[in-house]
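Structural overview
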Amino acid sequence: MKRRSMLQALAAVPAILASRSALGQEASSAPRWKSAIGLNGFESSSRKYQKNYPIWEILDFASTTGFDGIELVQGWPMGFTYPSSDDSRRIQAVRRLVDGFGLQIFSIQTDSTGAFSPDAEDRKEWLARFRDQAQFAKSVGCEWVGTWPGGGLRGQSIEEAIARLAASYREAGRIVEDLGLMLSFEIEPPFVFNTEVHIHQILEQTNHPRVKTMYDPSHYDLMNGSSGAPHEMLLRVGVEHIGYVHLTDTDGTLRDGGTSKHLPCGDGHAQIDTSLRILREKGFSGWLMIDAWEIPDAYDACAKGYAAIQKAI
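Structural notes, computed from the coordinates. (Residues numbered from 1 in each chain as written. Predicted model: local features only at pLDDT ≥ 70, side-chain atom pairs only at ≥ 80, totals over all residues. Heavy atoms only, no water.)

**Points about the overall build of the chain**
Condition: What counts as a helix is a DSSP run of H or I of at least four residues, what counts as a strand is a run of E of at least two, and both are numbered from the N terminus. Radius of gyration means the value over C-alpha atoms here, while the globule rule gives 2.2 Å times the residue count to the 0.38 power. Exposure classes here rest on a 1.4 Å probe applied to the protein chains alone. A residue is buried below 20% of its type maximum, exposed above 50%, and partly exposed in between. Any two residues whose heavy atoms approach within 4.5 Å at even a single point are treated as in contact.
Helix and strand counts for the chain come out as 11 helices and eight strands. Computed over its C-alpha atoms, the radius of gyration of the chain comes to 22 Å, within 12% of the 20 Å expected for a compact globule of 313 residues. Dimensions of the chain, computed from the C-alpha atoms along their principal axes, are close to 90 × 45 × 40 Å. Burial statistics for the chain: of 313 residues in total, 49% are counted as buried. For the chain, long-range pairs separated by at least 24 residues make up 77% of all intrachain contacts whose partners lie at least 6 apart in sequence.

Set out below in structure tokens:
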């Protein structure tokens, strides 16, 4: 190399290093997303459409497709119930199964009907059960515990129910904080808690940094008037309040009188690309789980959801 060429090359080094540094900073500051499949989709598809989904086949599909993890659901497959937190043999068996496919159990699904019971003993029992389930979640490598406050009012007003639910969630927040976990709750149109106002009230009254809410475009769409723009409600709730995402499309209706109709991403009207763009621009980092609830072909729904995430990334 001639001396002049060498000097020109050396002169360019600082600019190259600065450019690389800027790119590195941009990459490090970019939201980090992880993708998962929910076993709830396969459970509900199996039950509703008499499909057969062997658990090893699901885990192999998730691994080879590129997913990072799964969310467990109580009662499936084959009547699986969460082991008690001191049942080390069963806990190790669950971990070995999922670890063998290079996946993480990032969350478990739990109910919180007892969390807003008018009976103080019911709420106490719920907290004890939640504590054990959270300890199980920690032992299998989870980062989150997901919970759903279904059930009736049982003679109380909606305001009383929200106050009791928030008080229980505040205690649950302390439990997950001690374990290094997070809690995310989800309300749905058929629940007694079924409006955007209810989400705000639960978050405000709980007032715990470890307690967040779920973003599910199908539920937000119905709570936003079935307009096909669930992202509008997402912005009002605030991305900073979202724990993790149950990603699904919808047509803005209920499925057979049940919860919001879930559809594969791109098969509905929910503008999934816009939701993902907003999550990214507002700095959401964490887990996006494909929620194939009662979709006939859960594999198809997971593949389309994964493709939507990769497009957004």
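From this point, the discussion proceeds with the structure in view.
**Section: the sheet that holds strand 2 (residues 69-72)**
The condition is simple: The rule for pairing is simple: two strands pair if DSSP sees at least two bridges between them. All axes here are fitted lines through C-alpha atoms, helices being fitted over the stretch that makes contact, and every angle between N-to-C directions spans 0 to 180 degrees.
In space, the eight strands of this closed barrel follow the order 1-2-3-4-5-6-7-8, with parallel pairing throughout. Pairwise comparison of adjacent strand axes, ignoring direction, gives a mean angle of 30 degrees for this sheet.

**Some words on the pattern of salt bridges**
Here is the rule: The salt bridge definition used is simple: a Lys or Arg side-chain nitrogen within 4 Å of an Asp or Glu carboxyl oxygen.
With the rule as written, the count across this model stands at 12 salt bridges. Put simply, Asp 251 and Lys 261 hold a salt bridge, and the shortest N to O gap is 3.4 Å. With Asp 251 in the loop between strand 7 (242-247) and helix 10 (272-281) and Lys 261 in the loop between strand 7 and helix 10, the pair connects residues that are 10 residues apart, well separated along the chain. Judged by relative accessible area, Lys 261 falls into the partly exposed class, the value being 21%. A single salt-bridge network, built from bridges that share partners, covers Glu 43, Arg 47 and Glu 294.

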